[in-house]
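Coordinate inspection notes
The primary structure of each chain is shown beneath.
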Amino acid sequence: MAALLHSCCLSFVLVLAVAVGRAVAGGYAPPAFQATAWQNAYATFYGDDTASATMGGACGYGNLFANGYGTDTAALSTVLFNNGYSCGQCFQMRCVNSKWCNKGSPVTTVTATNLCPPNWSEDTNNGGWCNPPRSHFDMAKPAFMKIAQWNGGIVPVMFRRVPCVRKGGVRFSFQGNGYWLLVYVMNVAGGGDIASMSVKGSKTGWISMSHNWGASYQAFATLGGQALSFKLTSYTSHETIIAYNVAPANWQVGMTYTANVNFH
């Protein structure tokens, strides 16, 4: 009986392992990053209804419309910005406990695209909203208006990290010169963020890139005339992906190249 029971259990484990393997291979694996618990913070807005004032920003995403982020964006206080490692992260937010909250306390999702710098000339609780150690979101006005009335000015919110849903692969925007490559990483799914990055030319091995600022990484190397591949590791999930031959051998600075892979 014991031998029969052992045999049945072993068969079940093998069948389960095969099923799980097929699910992963078939693209049914759960996302590497799951939503976090809700936390408390405050939110304000900057710019006008067009969100034109939100273009550019400390993350280096440039034109947020052209690069797929639109108006659902926010600048993070120093604590949340985390020296730029939070660039690209996605947050669900809803206004709470304020007469200025929209009816039903609706939820909206924003992407971190900028830094809300400290204002040391103002008290932390009266104008210095982004001063440490406050958790604060300075939202694009259209995003703010999805959760609260704009004339509320500042409202208490609840927020949580959620996986970023992106269309297509990771995008790489090139700057620099013949001896220095600066790459802005955009359209990152999953955790939305990057912890480390390496580049490989068709004539080199993997070269570790250093974090410059925001969502940019740099390599001091001569890479002209080579097709370029990139290895990226997520700051949140620690998942690593490799984007082979993203840029052709005749790549140029000022251009943006799209990979055929992205994070889960």
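Above: the structure in question.
Residues numbered from 1 in each chain as written. Predicted model: local features only at pLDDT ≥ 70, side-chain atom pairs only at ≥ 80, totals over all residues. Heavy atoms only, no water.

1. Structural notes on the packing of aromatic side chains
The line we're drawing: Classification of ring pairs uses Phe, Tyr and Trp, with its six-membered ring standing for Trp, and accepts pairs whose centres are within 6.5 Å; under 30 degrees between planes counts as stacked, over 60 as edge-to-face, and the remaining range as tilted. Each helix is a run of H or I in the DSSP string that is no shorter than four residues. Each strand is a run of E no shorter than two, and both are numbered from the N terminus. Only protein chains enter the calculation, and the probe is 1.4 Å; a residue is then buried if its accessible area is under 20% of its type maximum, exposed if over 50%, and partly exposed in between.
Under the defined criterion, the tally for this structure stands at 12 aromatic pairs. Centroid distance F137 to F159: 5.0 Å. Interplanar angle 65°. Geometry classified as edge-to-face. Residue F137 is found in strand β5 (residues 136–140), and its partner F159 is found in strand β6 (residues 155–162); the two are separated by 22 residues along the sequence. With respect to burial, F137 and F159 carry one shared label: buried. Arranged with centres 5.4 Å apart and planes meeting at 85°, the rings of F174 and W251 form a pair that is edge-to-face.

2. Regarding the pairing of strand β10 (residues 206–213)
Applicable threshold: A pair of strands counts as paired when DSSP detects no fewer than two bridges linking them.
Note: strand β9 (residues 196–201) against β10, four bridges, orientation antiparallel. Of the residues in β10, the one forming a bridge with V199 is I207. Hairpin connection between β9 and β10: a loop of four residues separates the two successive antiparallel strands. What sits between β10 and strand β11 (residues 216–219) in their antiparallel hairpin is a turn of two residues, with G214 showing a positive phi close to 60°.

3. Here's the deal with the sheet that holds strand β1 (residues 39–46)
Basically, it comes down to this: The convention used is that axes are lines fitted to C-alpha atoms, helices contributing only their stretch in contact, and that angles between N-to-C directions extend from 0 to 180 degrees.
As summarised here, the arrangement of the six strands in space is β1-β5-β2-β4-β3-β6, forming a closed barrel in which the pairing is mixed. Each neighbouring strand pair of the sheet contributes to a mean axis angle of 45°, computed without reference to strand direction. Here strand β2 (residues 73–76) pairs with strand β4 (residues 108–115) via four bridges, running parallel. Across the sheet, L76 pairs through a bridge with L115, a residue of β4.

That's the geometry; what it means functionally is another story.
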